[in-house]
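Listed below are the residues making up each chain.
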Amino acid sequence: MIGKDLYDELKDYSKPIILIGSGILLVLFLLSFFVHWRFVSKLLSLVTGTSLLFLVYIAALILFLDKEVDVEEPISYYRHVSEQMPKTRTFKLTIVWGVVLILLGISAIFFSNRYRKQYAFDCSTILVDQSAGIYHLEWIDDCEVAAESDCLEEMKGYEIKGKGYRFCDWCKEYAEYVEVAYYSDRFYRK
Ligand SMILES: [Zn+2]
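1. Points about the overall build of the protein chain
When you go through the protein chain residue by residue, the secondary structure sums to 8 helices and 6 strands. Ordered by position from N to C terminus, the α and β elements of the protein chain give α-α-α-β-α-β-α-β-β-α-β-β-α-α. With 190 residues in all, the protein chain has 17% of them scored as buried. Here the contacts in the protein chain between residues at least 6 apart in sequence split such that 63% fall between residues at least 24 apart.

2. With respect to helix α5 (residues 94-123)
The terminal C-alpha atoms of α5, which comprises 30 residues, lie 43 Å apart, in line with the 44 Å expected from a rise of 1.5 Å per residue. Those residues of α5 that sit buried are S112, R116, K117, Y119, F121 and C123.

3. Observations regarding the confidence of the model for the protein chain
With 87% of its residues at a pLDDT of at least 70, the protein chain reaches an overall mean of 85. Highest mean pLDDT in the protein chain belongs to helix α3 (residues 52-65) (94); lowest belongs to helix α8 (residues 186-189) (48).

4. Description of the nonpolar core
The nonpolar side chains of soluble globular proteins are, as a tendency, buried together. Grouped together as the largest cluster of nonpolar side chains are 11 residues: I126, L127, V128, I134, Y135, L137, A146, Y165, F167, C168 and C171. The set of elements that each furnish at least two residues to this core consists of β3 (125-129) and β4 (134-137). If we skip the residues at most four places from it in the chain, C168 touches I134, Y135, H136, C143, V145 and A146.

Cut-offs and rules
Numbers given to residues run from 1 along each chain, matching the order in which its sequence is written. Note on the predicted model: pLDDT of at least 70 is required for a residue's local features to be given, and 80 or more for side-chain atom pairs to be given and counted; whole-chain, interface and lining totals, by contrast, use all residues. Runs of H or I in DSSP of at least four residues are treated as helices and runs of E of at least two as strands, each being numbered from the N terminus. Each residue is classified by how many other C-beta atoms fall within 10 Å of its C-beta atom, where C-beta atoms are placed from the backbone; a count of 20 or more means buried, 12 or fewer means exposed, and values in between mean partly exposed. Contacts are defined on C-beta atoms placed from the backbone: any two residues whose C-beta positions lie within 7 Å are in contact. What a helix should span is 1.5 Å times the count of its residues minus one. Scored between 0 and 100, pLDDT is the confidence that the predictor attaches to each residue. A set of buried residues qualifies as a nonpolar core if it consists of Ala, Val, Leu, Ile, Met, Phe, Trp, Tyr and Cys joined through C-beta atoms within 7 Å.

This is the structure in structure tokens:
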């Protein structure tokens with residue numbers, strides 16, 4: 001649709017983007033397996049999910065992998081018709097391949113978005129009331145529930161994974177208000 005010259009030019013640009021992008025993503029993903037550092041989480045959030053940089057990266061990847069796809073299919077009845085007829089015919093699967101690429105790109109955006117949010121929670125500091133089984137946001141001083149608790153312990157998100165702690169209702173309401181959705185407890189309950 002955009003013309004062959006512009007298309008080829010964009011395709012040339014896609015190579016360095018893929019090379020640099022893949023390197024950065026690989027390093028960050030590997031790091032996220034082994035450490036829970038907040039700056040890794042910040043960088044990960046910057047370059048994955050619905051961030052503009054990741055969208056450009058996925059677009060470059062789709063552009064790079066977008067090739068003409070021809071599929072040879074044997075024609076089974078050629079003998080009965082004529083010996084001169086071609087024995088195979090060519091199908092163009094280019095559009096199908098393009099659609100597959102776009103679907104893969106969308107799922108990459110979706111899953112990396114989930115991953116970056118989960119990792120952000122893992123790296124965040126929370127206040128845990130172990131006896132009540134509730135955790136609070138670290139940066140809320142005026143939580144009414146936390147104020148009544150006398151045994152709050154500072155922990156990292158990943159430390160309470162799988163332990164069944166509940167996110168404080170008061171903090172949850174506040175977090176939703178300021179749109180910090182990743183503090184919701186769906187990530188560690190599984
Ligand atoms: Zn709270």
